[in-house]
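# Secondary and tertiary structure notes
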Amino acid sequence: MEDRELIAVRHGESLSNVLMPLAETAGWETAPELPAKDADVPLTERGIAQARQLGRFLAEPGNRPTAVLSSPFARARATCRHAAEGATAQGVDLADVRIEPRVSERDMGVLQLLTSTGKRRRHPREHAGWQREGLHCYRPSGGENFEDVIARVRHLVAELRTGTRGARVLVVTHDAVVLALRALAEGRGMTELGGIPLVSNCSVSRWRLDADGRLHSRGYGQTGHLVATPS
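A brief report on the enclosed structure follows. Just so it is clear, the structure is predicted and the values come from calculations on it, not from any experiment. (Residues numbered from 1 in each chain as written. Predicted model: local features only at pLDDT ≥ 70, side-chain atom pairs only at ≥ 80, totals over all residues. Heavy atoms only, no water.)

### Some remarks on the overall build of the protein chain
- When its secondary structure is counted, the protein chain shows 7 helices and 6 strands.
- When the helices and strands of the protein chain are placed in sequence order, the string is β-α-α-β-α-β-α-α-α-β-α-β-β.
- Computed over its C-alpha atoms, the radius of gyration of the protein chain comes to 18 Å, within 12% of the 17 Å expected for a compact globule of 231 residues.
- By its C-alpha atoms, the protein chain is 50 × 40 × 25 Å across when sized along the principal axes.
- Residue burial in the protein chain is summarised as follows: out of 231 residues, 52% are buried.
- Considering only residue pairs separated by 6 or more positions, the protein chain has 76% of its internal contacts joining residues 24 or more positions apart.
- Carbon together with sulfur atoms contributes 49% to the accessible area of the protein chain, which is approximately 10800 Å² in total.
- Between the mean site of the 31 positive side-chain charges and the mean site of the 28 negative ones, the protein chain shows a separation of 1 Å. (Helix = DSSP H or I, 4+ residues; strand = E, 2+ residues; numbered from the N terminus. Rg over C-alpha atoms; globule rule 2.2 N^0.38 Å. Buried < 20%, exposed > 50% of the residue type's maximum accessible area, 1.4 Å probe, protein only. Contact = heavy atoms within 4.5 Å. Areas by Shrake-Rupley, 256 points an atom, 1.4 Å probe, with all protein chains shown as cover. Lys, Arg positive; Asp, Glu negative; His and termini not counted. Charge placed at Lys NZ, Arg CZ, Asp CG, Glu CD.)

And the structure:
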C-alpha cells in the first residue's frame, strides 16, 4: 500500500475563542452570549473569512483532499462549508464531507464553557481535581481527559491506514485532536503534552501515514495560507 497523507485543520475562529478569554479576564463564570452547548458555538465573521482562505489553499493541486472528515461541532461543519465556497471560487469542488465523531472537541462534561471562576464556584470538587491532576490528565464528570482523546484518534488513524478513503484525507477538527495527532506521531504521553504548542484557528498540520500506521510530520500549525483578517 502506498503512503497516505493526513491533513488536520483546526476550525476557523469561533465565538468562544473571542468571548471566553474576555470572560476569564472579567472574572465571569462564563460568557453569556454563548450557546448552552459547546457543540453549538458558531464561527465569527473572521472565522468565516479564514475558512474561505483555507478553501483557496485546498484548491491547489498539491493540497486537494480525496476525502474530508469533519467534527460534528457547528464550528467545524461551518469551516468545511465555507472552505468549499473558497475552493469553488477557484474552480475546484472539494470532496463531500463525512461527519466523524472521533474528531470532536474534547468533551469537558460538566465544565464545558466555564471559566476558571465558573469551575471553582459551580463545581468546586471538579475544580480541585483539575488543579490537582492538571489540564491534560483530569477527566471531568461526564467528560474526557487527553488519554480518551488520543485513544479515539488512534483508532481513526488505524482505520485510515487500512481503509479506502483516499490518498489525502482532510480532517477539520479542534486543537485537542491536532494535539493528540502530534502526540501519537511523537510517542508522547499525557504528562508530556504541555511541551507541545496549541495550533491557531484554520492552521494546517500535515502527516505522512505510512503502511505501518506511523505518522511522520510534514508541518505543524502552519498559517502561511491565511492573510490578515479584521479582529
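### Quick notes on helix α2 (residues 45-58)
- The terminal C-alpha atoms of α2, which comprises 14 residues, lie 20 Å apart, in line with the 20 Å expected from a rise of 1.5 Å per residue.
- Buried within α2 we find Gly47, Ile48, Gln50, Ala51, Gln53, Leu54, Gly55, Phe57 and Leu58.
- On its buried face, α2 is in contact with β1 (4-10), α3 (74-88), β4 (168-173) and β5 (204-209). (Expected span 1.5 Å × (residues − 1).)

### Concerning the sheet that holds β4
- Pairing is mixed across the open sheet formed by 6 strands, whose spatial order is β3-β2-β4-β1-β5-β6. In the strand order of this sheet, the two ends are held by β3 (97-99) and β6 (215-222), each with one partner. Within this sheet the neighbouring strands show an average axis-to-axis angle of 20°, counted without direction.
- Across 3 bridges, the pairing between strand β2 (residues 67-70) and β3 is parallel. Each bridged residue has a counterpart across the sheet, and for Val68 the counterpart in β3 is Val97.
- Running over the sheet, α3 touches β2, β3 and β4 and is turned about 150° from β2. (Pairing = 2+ DSSP bridges. Axes fitted to C-alpha atoms, helices over the stretch in contact; angles between N-to-C directions.)

### A look at the layout of surface pockets
- Reported here for the largest pocket is a volume of approximately 790 Å³.
- In terms of lining residues, the largest pocket is bounded by 26 residues, among which Arg10, Glu105, Met108, Leu135 and Asp175 are the most central.
- Where the lining of the largest pocket is concerned, the elements lending two or more residues are α1 (15-26) and α7 (175-186).
- The biggest single contributor to the lining of the largest pocket is α1, with 5 residues.
- Residues of the lining of the largest pocket, tallied by class, amount to 11 nonpolar, 7 polar and 8 charged. (1 Å grid on protein atoms, 1.4 Å probe; cavity = no way out; pocket = protein on both sides within 12 Å on 5 of 7 lines; lining within 4 Å. Points joined across faces, edges and corners; volume = space filled by probe spheres on them. Nonpolar A, V, L, I, M, F, W, Y, C, P; charged D, E, K, R; others polar.)

### A word on the pairing of β4
- Where burial is concerned, most of β4 is hidden: 6 out of the 6 residues are buried.
- Burial of β4 is two-sided: the residues Arg168, Leu170 and Val172 facing one way and the residues Val169, Val171 and Thr173 facing the other way are all buried.
- Judged from the 6 bridges that link them, β1 and β4 form a sheet pairing that is parallel. In the strand pairing of β4, Ile7 is matched with Leu170.
- Note that β2 and β4 share 4 bridges and pair parallel. When the sheet's bridge partners are listed, Val68 is paired in β4 with Leu170.

### Focus on unusual backbone geometry
- Notably, Leu113 is not glycine yet its phi reads approximately 60°, a positive angle.
- Its place among the elements puts Leu113 in the loop between β3 and α4 (116-122).

### Digging into the packing of α2 against α3
- At a closest axis distance of 6 Å, the pairing of α2 and α3 adopts a crossing angle of 50°. Accordingly, the angle class assigned to the pair α2 and α3 is oblique. Classified by chirality, the crossing of α3 by α2 is right-handed. Note on element contacts: α3 touches α2 through Thr79, His82, Ala83, Glu85, Gly86 and Ala87, opposite Ile48, Ala51, Arg52, Leu54, Gly55 and Arg56. (Parallel < 35°, antiparallel > 145°, perpendicular 65-115°, else oblique. Left-handed = near helix turned anticlockwise from the far one by under 90°.)

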